[in-house]
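Single-letter residue listing:
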Amino acid sequence: MYYPSGTKDNPVKVNVSIVNNGTETLRFKLADERMFSLDFNANTIKNTKLSQTNDLITRRSSKNDVYYRDIAIEAGESYSFIEDVKKYIDFEEPSIYYLQLDFYPELYKSKGVKLTSNRLSLDVRPAPAASASTLLPVQNETATLLKPEAISPDQVVKQTIIARQKSLWDQYFLYIDLEQMMKRNGETERRYNAASADERRRMLDSYKMDLMQNRIDHDVIAVPESFQIQTTTYSPTSGSVTVEEKFKYPNYKEVKKYVYKVRQRDGIWQIYDYTVTNLRTE
């Protein structure tokens, strides 16, 4: 997840690939400090352009020499590297942003030919409130901070259900995209999108508390007596996990089919939606 500011602890890393789709050898200069070879532009959904970082402006306005390498790539080849967008752009508010990159084959200061990349969308979330630090998920026995792991979608769903069975709320929320789950309600989504950063944080905290107190979305927090994962299908970025869950009542059991929708961000799978179908009673 990406948050405003915090360049060192929360970078926005983008894979930059320069691809030679032609038939001739492609030659260009690549500065050791990438900011002299490329530039990132970020716009809000209202097409307002974000400001560049002070460090970027200072470095580019200096009169120091720019060191670079001459690169040559043959037809069909590519040259790739990773760059942190936060070195270029100040993200001060959570929002959806659209990124594009300008690449200067003869360096930025020459302001000659430039190549423009495809456009990417970037979802910057509200930064966790300091007052919420006591609610960070921790291991009960060791009091160490819990961190989501790069496990498969079926394991994500399995661990989430088991955490609910054991009433381990911190572990239950570890792989759930609370924002997207809350926005399943159309009216709530409209209010959330129009809200300020502080209001959004309050809405998320309230939604989480309502779940824990069983006031809303009863299906997703219902506690099954047993469950069995039926099928798991996924692409590199999204997928679904189908689970048969049994719920025990005094005189019978109810069997339901849950389909959990998952997607991957930064190598971590999260549950962001679900459907429920009643199958039978036993």
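To be clear, the structure that these remarks concern was listed above.
Notes on the structure follow. All values derive from a computational prediction rather than experimental measurement. (Residues numbered from 1 in each chain as written. Predicted model: local features only at pLDDT ≥ 70, side-chain atom pairs only at ≥ 80, totals over all residues. Heavy atoms only, no water.)

**What about the overall build of the protein?**
Selection rule: Working definition: helices are DSSP H or I runs of at least four residues, strands are E runs of at least two. Numbering for both runs from the N terminus. Type-normalised accessible area, obtained with a 1.4 Å probe on protein chains alone, sets the label of each residue: buried when under 20%, exposed when over 50%, and partly exposed for intermediate values. By the convention used here, residues are in contact when the closest approach between their heavy atoms is within 4.5 Å. Methods summary: accessible areas were calculated by the Shrake-Rupley approach with a probe of 1.4 Å, and residue burial reflects only the protein chains presented. Here the positive residues are Lys and Arg and the negative ones are Asp and Glu; neither His nor the chain ends is included. Here the site of a charge means NZ on Lys, CZ on Arg, CG on Asp, or CD on Glu.
When its secondary structure is counted, the protein shows seven helices and 12 strands. In terms of overall dimensions, the protein has a C-alpha envelope of 80 × 45 × 40 Å along the principal axes. Split into buried and exposed, the 282 residues of the protein put 38% on the buried side. Of the contacts formed within the protein by residues at least 6 apart in sequence, a portion of 65% connects residues at least 24 apart. Counting every atom, the protein has about 16600 Å² of accessible surface; 47% of that belongs to carbon and sulfur. Taken as two groups, the 40 positive and 39 negative side-chain charges of the protein have centres that lie 2 Å from each other.

**Topic: the sheet that holds strand β11 (residues 253-265)**
Heads up, the condition is: Note: two strands are recorded as paired if DSSP finds a minimum of 2 bridges between them. Axis lines are fitted through C-alpha atoms, for helices just across the contact stretch, and the angle between N-to-C directions can take any value from 0 to 180 degrees.
Taken together, the four strands give an open sheet; going across it, the order is β9-β10-β11-β12, and neighbouring strands pair in antiparallel fashion. Only two strands of the sheet have a single neighbouring strand rather than two, namely β9 (226-234) and β12 (268-281). Adjacent strand axes in the sheet meet at a mean angle of 20 degrees when their direction is disregarded. Bridge count for β11 against β12 is 12 bridges, and the pairing is antiparallel. Across the sheet, Y260 pairs through a bridge with Y274, a residue of β12. Strands β9, β10 (238-248), β11 and β12 of the sheet are contacted by helix α2 (residues 153-165), whose axis makes an angle of about 155 degrees with β9.

**Considerations on empty space enclosed by the protein**
We count it as follows: The way it works is a 1 Å grid over only the protein atoms, where trapped points that fit a 1.4 Å probe form a cavity and open points with protein on both sides within 12 Å along at least five of seven lines form a pocket, and then any residue with an atom within 4 Å of a point lines it. Grid points are joined across faces, edges and corners, and a volume is the space filled by probe spheres set on the points.
A complete count under the given rule lists two cavities of 30 Å³ or more for this structure. Roughly 90 Å³ of volume is contained in the largest cavity. Every residue lining the largest cavity is listed: T160, I161, R164, Y172, I176, D219, V220, A222, P224, E245, Y260 and I271. Going through the elements one at a time, α2 and α7 (218-221) are the ones with two or more residues in the lining of the largest cavity. Of all the elements, α2 adds the most residues to the lining of the largest cavity, at three residues. Quantified by volume, the second largest cavity comes out at close to 30 Å³.

**A short note on the pattern of salt bridges**
Heads up, the condition is: We count a salt bridge whenever a side-chain nitrogen from Lys or Arg sits within 4 Å of a carboxyl oxygen from Asp or Glu.
Taken as a whole, this structure holds 18 salt bridges when the rule is applied. With a closest N to O distance of 3.6 Å, K246 and E282 form a salt bridge. Separated by 36 residues along the polypeptide, K246 in strand β10 and E282 in the segment after β12 bring together distant segments of the chain. Its relative accessible area of 23% is what places K246 among the partly exposed residues. Look at the salt bridges and you will find they share partners, linking E244, K246, R280 and E282 into a network.

**Brief notes about the nonpolar core**
Going by this rule: Nonpolar core, defined: a set of buried Ala, Val, Leu, Ile, Met, Phe, Trp, Tyr and Cys residues in which side-chain atoms within 4.5 Å join the residues together.
Counting 33 residues, the largest nonpolar core has V157, Y172, L178, L211, V220, Y260 and I271 as its most contacted members. Those elements that provide at least two residues to this core are α2, α3 (169-172), α4 (178-182), α6 (197-212), α7, β10, β11 and β12. What I271 contacts, discounting residues up to four positions off in sequence, is V156, V157, T160, Y175, I176, D177, M181, Y260, K261 and V262. Y2, V16, I71 and L107 belong to the second-largest nonpolar core, a separate cluster that totals 29 residues.

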